[in-house]
Amino acid sequence: MELEGFVSKSYRDHDDPLKFSWSSPSNIALIKYWGKNKDQTPRNSSISFTLSSCNTKTSIVFSKIEKQIDAVNFTISYDGNIKNDFRPKIEKYFASIIKYCPYLLNYNLEINTKNTFPHSSGIASSASGMSALSLCIMSFEKEISEEQFSTDFFFLKASFLSRIGSGSACRSIYGGFNIWGKHKDFEQSSDLYSLPINQSIAQEFQKFQDTILIVDENQKDVSSSAGHSLMDNHPFSMDRYEIAYKNTSALKIILEKGDLFAFCELVEKEAMMLHSLMMTSHPSYILMKPETLEIIDEIKSFRNVNKVPVCFTLDAGANVHVLYPEKYSKSVLEFIISKLSKYCFQGKFITDHAGKGPKKI
Ligand code: DP6
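Just so it is clear, the structure is predicted and the values come from calculations on it, not from any experiment.

Student: When you look at the domain arrangement of the protein chain in this model, what are you seeing that I'm missing?
Tutor: When the parts of a complex come together, some accessible area is lost, and that lost area is often used as the size of the interface. Here the protein chain is partitioned into domain 1 (3-198) and domain 2 (206-353). Placing a centre on the C-alpha atoms of domain 1 and another on those of domain 2 gives a separation of 26 Å. Every contact between the two is made by 34 residues of domain 1 and, on the other side, 45 residues of domain 2. Here domain 1 packs against domain 2, burying approximately 3300 Å² in sum over the two surfaces, 63% of which is carbon and sulfur. Considering only the surface of domain 1 that becomes buried against domain 2, Leu30, Lys32 and Trp34 emerge as the three largest contributors, covering 25% of it. If you look at where domain 1 meets domain 2, you find 2 salt bridges. Note that Asp315 is salt-bridged to Lys32, the shortest N-O span being 3.3 Å.

Structure (structure tokens):
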């Protein structure tokens with residue numbers, strides 16, 4: 001779909017306040033998005049799966065205002081308490097989406113949000129937060145729109161708006177596995193939004209588990225946006241984009257065939273490449289902690305000794321996502337408790353798994 005298709009043209013006023021609420025999950029990337037263009041399109045395709053327990057619940061009350069102003073009028077609360085430090089990111093988001101949702105200028109938006117995972121867990125909330133926000137906006141748009149409004153369009157535009165808020169957020173709109181970024185092996189894939197790719201996934205990957213080991217609870221040393229910009233003048237950027245493109249093709253085949261050990265190898269390679277890019281950028285960042293490396297070693301040897309297809313992936317931080325099929329849950333959780341939890345901050349970890357996607361509440 002072309003950009004113009006996302007501009008909402010014909011809508012009616014709604015005088016009474018309307019409230020919409022969505023719960024939207026975080027997602028974990030297997031092929032990493034790292035490097036973006038000015039319009040928040042990615043430099044390479046990425047593949048992720050949507051989680052279930054780690055999510056953000058957001059509600060928005062839309063109330064008509066008498067006089068239109070030139071920026072979206074809103075309040076933002078976290079769990080009922082006004083949170084003005086969230087404003088700059090949301091102001092920027094509204095300024096960027098207003099050409100696609102011009103009706104927002106006629107309303108006051110009372111936004112209330114809350115994450116199910118602790119704020120200080122080191123888990124990024126931008127994917128779940130921006131997708132939940134965009135879904136509330138789409139529910140409102142659907143209510144006031146005078147145009148034909150299919151379910152497909154509803155989610156496509158929700159993914160499109162989420163991407164503008166935070167790139168990875170566009171991959172949280174659908175359950176299961178998702179692709180974002182134009183790629184020849186995925187028909188209709190786009191840089192503007194993500195699409196679900198569940199039809200062709202082997203049953204070995206259904207109900208895939210992700211246990212997040214909390215190594216570091218602190219906010220990241222480098223924000224995602226600053227991190228992406230490190231790719232602009234990176235000496236390895238061109239090679240990286242080419243490799244990510246090839247890894248996207250390779251992961252597609254692995255997911256279709258159900259090849260669990262090939263999955264482990266590829267997903268770990270992607271995580272290590274992401275961190276090697278950060279280590280070799282200018283300025284450079286080492287975001288792994290000594291405990292992260294201990295955990296990686298333990299996972300590799302557990303896999304080799306026990307022939308269990310368990311692997312790790314990392315985002316731009318020290319925490320480790322341990323990925324494995326549901327049928328190995330018992331042995332992997334025993335392994336996590338006995339061998340890995342000692343490396344976690346206060347022994348903390350969060351068990352999650354591939355989920356069905358956002359829910360209207
Ligand atoms: C390392 O989506 O958080 O988690 O678009 O600037 O909001 P912005 O970045 P963000 O980047 C996520 C990067 C990553 C890899 C991934 O999720 O693909």
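Following the structure, the description resumes.
Student: Would you mind going over the sheet that holds strand β11 (residues 349-353) with me for this structure?
Tutor: Within a sheet, each strand pairs with its neighbour through backbone hydrogen bonds, oriented either parallel or antiparallel. In spatial order, the strands read β9-β10-β8-β11; together these 4 strands make up an open sheet with antiparallel pairing. Two strands in the sheet have a free side with no partner beyond their single neighbour: β9 (311-313) and β11. Adjacent strand axes in the sheet meet at a mean angle of 25°, parallel and antiparallel pairs treated alike. One ladder, built from 3 bridges, connects β9 with strand β10 (residues 320-324); its direction is antiparallel. Counted as the bridge partner of Phe312 is Val322 from β10.

Student: What is the right way to read the packing of aromatic side chains from this model?
Tutor: A ring pair, where both rings are aromatic, is described by two values, the distance of the centres and the angle of the planes. A full pass over the atoms with the stated rule returns 25 aromatic pairs. The ring of Tyr107 has Lys64 sitting right over it, with the charged end atom 5.9 Å from the ring centre. Positioned above the aromatic ring of Phe186 is the side chain of Lys252, whose terminal nitrogen or guanidinium carbon lies 5.6 Å from the ring centre.

Student: Sorry if this is basic, but what is going on with unusual backbone geometry here?
Tutor: Note on backbone geometry: most residues besides glycine have negative phi, and most peptide bonds are trans. The amide bond that connects His282 to the next residue, Pro283, takes the cis arrangement and shows omega of 0°. For Gln188, which is not glycine, the phi dihedral falls at a positive 70°. The residue Gln188 is located in the loop between β6 (177-180) and β7 (194-196) in this model.

The rules behind each value
- Residues numbered from 1 in each chain as written.
- Predicted model: local features only at pLDDT ≥ 70, side-chain atom pairs only at ≥ 80, totals over all residues.
- Heavy atoms only, no water.
- Domains from an automatic or database assignment.
- Contact = heavy atoms within 4.5 Å.
- Buried area = accessible area lost by both parts, 1.4 Å probe.
- Salt bridge = Lys/Arg side-chain N within 4 Å of Asp/Glu carboxyl O.
- Pairing = 2+ DSSP bridges.
- Helix = DSSP H or I, 4+ residues; strand = E, 2+ residues; numbered from the N terminus.
- Axes fitted to C-alpha atoms, helices over the stretch in contact; angles between N-to-C directions.
- Phe/Tyr/Trp six-rings, centres within 6.5 Å; stacked < 30°, edge-to-face > 60°.
- Lys NZ or Arg CZ within 6 Å of the ring centre and 35° of its normal.

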